[in-house]
Amino acid sequence: MNTELTLIRITGIDRPGLTASITEILSKYDVTILDIGQADIHQTLSLGILFKSKETESGNIMKELLFKASELGVNIRFYPVSVEEYENWVSMQGKNRYIITILGRRLTAKQIAAATKIIAEQGLNIDSIKRLTGRVPLDEEKASVRACIEFSVRGTLNNRVEMQRSLMKLSSEMGMDFSLQLDNMYRRMRRLICFDMDSTLIQTECIDELAERAGVGEQVKAITERAMRGEIDFKESFTERVALLKGLDESVMKDIAENLPITEGVERLMFVLKHYGYKIAILSGGFTYFGEYLKRKFGIDYVYANELEIENGKLTGRYLGEIVDGKRKAELLRLLAQVEKVDIAQTIAVGDGANDLPMLSTAGLGIAFHAKPKVVENAEQSINTIGLDGVLYFLGFKDSYLDEKGKL
């Protein structure tokens, strides 16, 4: 017996039981559902169902559906689908899928138009669009307001590097953040997240704080500038700066630790990550004293940083053990992935400085946070518009899924 393929599209005001009413009619005729999708935007329903039915029954099915749509006060349209069209659709199943996340304090039509134009230029098709943030109040000046939209797209990228570059350029020009990720199981199962500390988890550089207390602030800044110009490497500059701290009382470190300026969004981010079972590490070119303080405060699992030598309650101007520089951060990320028995693709790294680039490029998802231009230029994802809890949206968290403590 001949069969027909039919796509129905139903639009109108949503109400409980609408989908059940439609599928109940279809069930009477023993049809096979080949595809189904539904979206609800501001109580307006858009429901699509592709089904296979016997040719002799399609007329009765359409008649019953039209009567039911009239009764429910919704619009229904019918579209015949050829076998060739259906087979072509099935053959596209193996194509790559990507998740593109757009994030900002607010999102305008102009910003979304620019982003979707880049998606179209790469030959990608948007399969679905989802809002991850809560409902936006009309008072956009509220500090907690942010907007995040996630696009699920399908196809073969014309040029991923070029697309990444275009998105990052758009990010700086239009004040929004982007993430482009391959939509695979690793993206859905991230398990280990590693943070830089200074200027990432906290809004200061601890060595500068110590230097100011020791009265050598200007000298330390001069060494830092030499290092940034490439005149000396990180290890040499670190050794010189630490030497200038000789004689500083340990109590000063305690005072600085208790008054660290925590970055916006850190408390929410840490709560959600711990609640959902992520392992959290600090990999820092700063100091273990401050990392351990944050570990106790937020329940962080691992801290790897530089240890200052203390004798008789005072800094000696020396450090203990191996310096944690950019190369070491990447090594520690790999090591922790092995310890936690997770694939490197399941890891996340977040940082702001050039010495974070090795771990950002090693991790499955590397995110530059309020970073220096060189870091943003070389990172695949960046957050510049909101606090550190913006990381949650790049991981696919939706505000409505979080309990009260995890909400804004």
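Each value, and the rule that gives it
Residues numbered from 1 in each chain as written. Predicted model: local features only at pLDDT ≥ 70, side-chain atom pairs only at ≥ 80, totals over all residues. Heavy atoms only, no water. Helix = DSSP H or I, 4+ residues; strand = E, 2+ residues; numbered from the N terminus. Buried < 20%, exposed > 50% of the residue type's maximum accessible area, 1.4 Å probe, protein only. Contact = heavy atoms within 4.5 Å. Areas by Shrake-Rupley, 256 points an atom, 1.4 Å probe, with all protein chains shown as cover. Lys, Arg positive; Asp, Glu negative; His and termini not counted. Charge placed at Lys NZ, Arg CZ, Asp CG, Glu CD. Pairing = 2+ DSSP bridges. Patch = residues over 30% accessible without salt bridge, like charges linked within 9 Å, V, L, I, M, F, W, Y side chains within 5 Å. Salt bridge = Lys/Arg side-chain N within 4 Å of Asp/Glu carboxyl O. Axes fitted to C-alpha atoms, helices over the stretch in contact; angles between N-to-C directions. Parallel < 35°, antiparallel > 145°, perpendicular 65-115°, else oblique. Nonpolar A, V, L, I, M, F, W, Y, C, P; charged D, E, K, R; others polar. Polar contact = N/O pair within 3.5 Å; in protein donor to acceptor, adjacent residues only side chain to side chain. pLDDT = per-residue confidence, 0-100. 1 Å grid on protein atoms, 1.4 Å probe; cavity = no way out; pocket = protein on both sides within 12 Å on 5 of 7 lines; lining within 4 Å. Points joined across faces, edges and corners; volume = space filled by probe spheres on them. Core = buried A, V, L, I, M, F, W, Y, C linked by side-chain atoms within 4.5 Å. Phe/Tyr/Trp six-rings, centres within 6.5 Å; stacked < 30°, edge-to-face > 60°. Lys NZ or Arg CZ within 6 Å of the ring centre and 35° of its normal.

## Some details on the overall build of the chain
Scanning the chain from terminus to terminus reveals 16 helices and 15 strands. Projecting the C-alpha coordinates of the chain onto the three principal axes gives extents of approximately 90 × 40 × 40 Å. Evaluated residue by residue, the chain yields a buried proportion of 46% over its 408 residues. Residue pairs in contact within the chain that sit at least 24 positions apart in sequence constitute 70% of those at least 6 positions apart. Split by element, the accessible area of the chain, about 20800 Å² in all, is 50% carbon and sulfur. Each charge class in the chain can be summarised by its mean position, and for the 53 positive and 59 negative side chains these summaries are 2 Å apart.

## Thoughts on the pairing of strand 3 (residues 44-54)
Note: strand 1 (residues 3-13) against strand 3, 11 bridges, orientation antiparallel. Note on strand 3: the bridge partner recorded for T3 is K54. A loop of 2 residues connects strand 2 (residues 32-41) with strand 3, the two strands running antiparallel in sequence, and H42 in this loop sits at a positive phi of about 50°.

## Thoughts on a nonpolar patch on the surface
A grouping of Y304, L335 and V339 is seen on the molecular surface, where their side chains present a nonpolar patch of about 240 Å² in accessible area. Relative to the helices and strands, L335 is located in helix 13 (residues 326-339). With relative accessibility at 37%, the residue L335 sits in the partly exposed group.

## So, the packing of helix 4 (residues 109-121) against helix 5 (residues 160-174)
Two elements in contact, helix 4 and helix 5, have axes whose closest approach is 10 Å; the angle formed by their N-to-C orientations is 170°. On the basis of the axis angle, helix 4 is roughly antiparallel to helix 5. Contacts between helix 4 and helix 5 involve K110, Q111, A114, A115, I118 and I119 on the former and, on the latter, M163, S166, L167, L170 and M174. Its residues assigned to classes, the contact of helix 4 with helix 5 comprises 8 nonpolar, 2 polar and 1 charged.

## Structural notes on the sheet that holds strand 10 (residues 279-287)
Spatial strand order, 12-11-10-9-13-14-15: 7 strands in an open sheet with mixed pairing. Looking along the sheet, the strands with just one partner apiece sit at the ends: strand 12 (314-320) and strand 15 (381-383). Averaged over all pairs of adjacent strands, the angle between strand axes in this sheet comes to 30°, irrespective of strand direction. In the sheet, strand 9 (residues 192-195) pairs with strand 13 (residues 347-351) via 4 bridges, with the strands oriented parallel. In the strand pairing of strand 13, I193 is matched with I348. Lying on the sheet, helix 11 (residues 266-275) is in contact with strand 9 and strand 10; it crosses strand 9 at an angle near 155°.

## Some remarks on the side chain of D356
Tracing the chain through its elements places D356 in the loop between strand 13 and helix 14 (357-362). A distance of 2.9 Å separates a polar side-chain atom of D356 from the backbone nitrogen of D352. Here D356 is in contact with D196, K329 and G351, once residues within four sequence places are set aside.

## Description of the confidence of the model for the chain
On average, the chain scores 91 in pLDDT, and the residues at 70 or more come to 96%. The secondary structure element of the chain with the lowest average pLDDT is helix 15 (residues 373-378), at 82, and the one with the highest is strand 9, at 98.

## Some words on the layout of surface pockets
When its volume is computed, the largest pocket comes out at roughly 1600 Å³. Elements with a contribution of two residues or more to the lining of the largest pocket: strand 1, strand 2, strand 3, helix 3 (83-91) and strand 6 (125-131).

## Points about the nonpolar core
One finds F195 and F290 to be the most contacted residues of the largest nonpolar core, which totals 55 residues. When residues of this core are assigned to their parent elements, the largest contribution, 5 residues, is made by helix 11. Those residues in contact with F195, other than ones at most four positions away along the chain, are L201, L269, M270, L273, I280, A281, I282, L283, V350, M359 and L388.

## What about the packing of aromatic side chains?
Scanning the model with the defined rule gives 7 aromatic pairs in all. Seen from their ring centres, F238 and Y319 are 5.4 Å apart, and the 65° between their planes marks the pair as edge-to-face. Residue F238 is located in helix 9 (residues 234-243), and its partner Y319 is located in strand 12; the two are separated by 81 residues in the primary sequence. Its relative accessible area of 2% is what places F238 among the buried residues. On the basis of relative accessibility, which here comes to 23%, the residue Y319 falls in the partly exposed class. Here a set of aromatic residues connected by ring pairs shows up, and it is made of F234, F238, F287 and Y319. Of note, K398 hangs over the ring of Y401, and the distance from its end group to the ring centre comes to 5.8 Å.

## So, the pairing of strand 2
With 9 bridges connecting them, strand 2 and strand 3 associate as antiparallel partners. Within the sheet, the bridge partner assigned to D35 lies in strand 3 and is L50.

## Section: the pattern of salt bridges
A full pass over the atoms with the stated rule returns 29 salt bridges. E380 is the partner of R160 in a salt bridge, and the nearest nitrogen-oxygen pair spans 4.0 Å. Residue R160 is found in helix 5, and its partner E380 is found in the loop between helix 15 and strand 15; the two are separated by 220 residues along the sequence. R160 gets classed as partly exposed once you look at its relative accessible area, which sits at 30%. You can call E380 partly exposed: its relative accessible area is 42%. E240 is the partner of R226 in a salt bridge, and the nearest nitrogen-oxygen pair spans 3.3 Å. With R226 in helix 8 (residues 217-228) and E240 in helix 9, the pair connects residues that are 14 residues apart, well separated along the chain.

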